[in-house]
Structure formats: structure tokens, C-alpha cells
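# Understanding the architecture of this molecule
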Amino acid sequence: MNILISSTSGEPIYAQIVGQVRQMILQGELVSGTPLPSIRLLAKDLQISVITTKRAYEELEREGLINSVVGKGSFVSGADQEYIREQRLRIVEGKLKDIIDESRLLGMEYAELAEMLKLLYEEEQE
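Right, let's walk through the structure included here. (Residues numbered from 1 in each chain as written. Predicted model: local features only at pLDDT ≥ 70, side-chain atom pairs only at ≥ 80, totals over all residues. Heavy atoms only, no water.)

## Comments concerning the pattern of salt bridges
This structure, assessed with the given rule, holds five salt bridges. Between Glu 58 and Lys 54 there is a salt bridge, and its shortest N-O distance comes to 2.5 Å. Of the two residues, Glu 58 and Lys 54 are both situated in helix H3 (residues 50–62); the distance of four residues between them amounts to about one turn of the helix. The class for Glu 58 is partly exposed, based on a relative accessible area of 33%. Looking at Lys 54, the relative accessible area reads 39%, which means it is partly exposed. (Salt bridge = Lys/Arg side-chain N within 4 Å of Asp/Glu carboxyl O. Helix = DSSP H or I, 4+ residues; strand = E, 2+ residues; numbered from the N terminus. Buried < 20%, exposed > 50% of the residue type's maximum accessible area, 1.4 Å probe, protein only.)

## A few points about the packing of aromatic side chains
Taken as a whole and judged by the stated rule, the model has zero aromatic pairs. We note Arg 55 situated over the ring of Tyr 14; from NZ or CZ to the ring centre the distance is 3.7 Å. (Phe/Tyr/Trp six-rings, centres within 6.5 Å; stacked < 30°, edge-to-face > 60°. Lys NZ or Arg CZ within 6 Å of the ring centre and 35° of its normal.)

Structure representation (C-alpha cells):
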């Protein structure tokens, strides 16, 4: 698991961890049952406080994205697949909005954009 911490982002470190782990789960990089590094190991690897990593894991657990088992560690949850699907759909929707904005800047019509999407979609299925 590759987490990058920025000391200049203005975002709290625990929130950076939560955001990056959340993205990895929602994008399918971390699947149900995948063990996460221990709180202590992650703190050591990132050179941050154990309290900070504990706070991040607690937040991820509150969101239902991970489960923590005393003595065994923390694992990616498989319990709420509908939530994960909904979050992934929101990511797709955001990317589509960006594409629409960019196509409008280029003066593309809806039909042209729809045809491009259709061609790319069909191409990927081959």
C-alpha cells in the first residue's frame, strides 16, 4: 500500500491517509479481505504518530470501509458493496462531468460526444 503524505497540503495527515485508502478501496486496488498494515507499522513507514494512524483507521472503520479485529489487524471490509458501488459511480459521474466541460470548451455537440463515447466503449469490449 503506497500512501504519500504532503506536509504542505494543509489537509490533516490522518485525512490524507483516509482519502488515499478510501480511493484505493473504491477503485478496486484494495479488495475485500485485503489486510492493511498494522497501525504501528504504517506510523513507522510514514514517520508519523501512532495516534494519527489510529485516527485514520477509526475513520475508515466508521465509514464501513475496513474492519478491525483485535489481535489480528485491519482488513478491507466486504460488508457494504452497495456503498462502494455508489461511491465508484460518483467517481465516474465526476469524470464524465469533466469530459462534458472539456467537450463544451471544444464546441462539441452532444451527438458527437455520445458517438465518441460509444466508439471507445465498444473498442474496449473487443
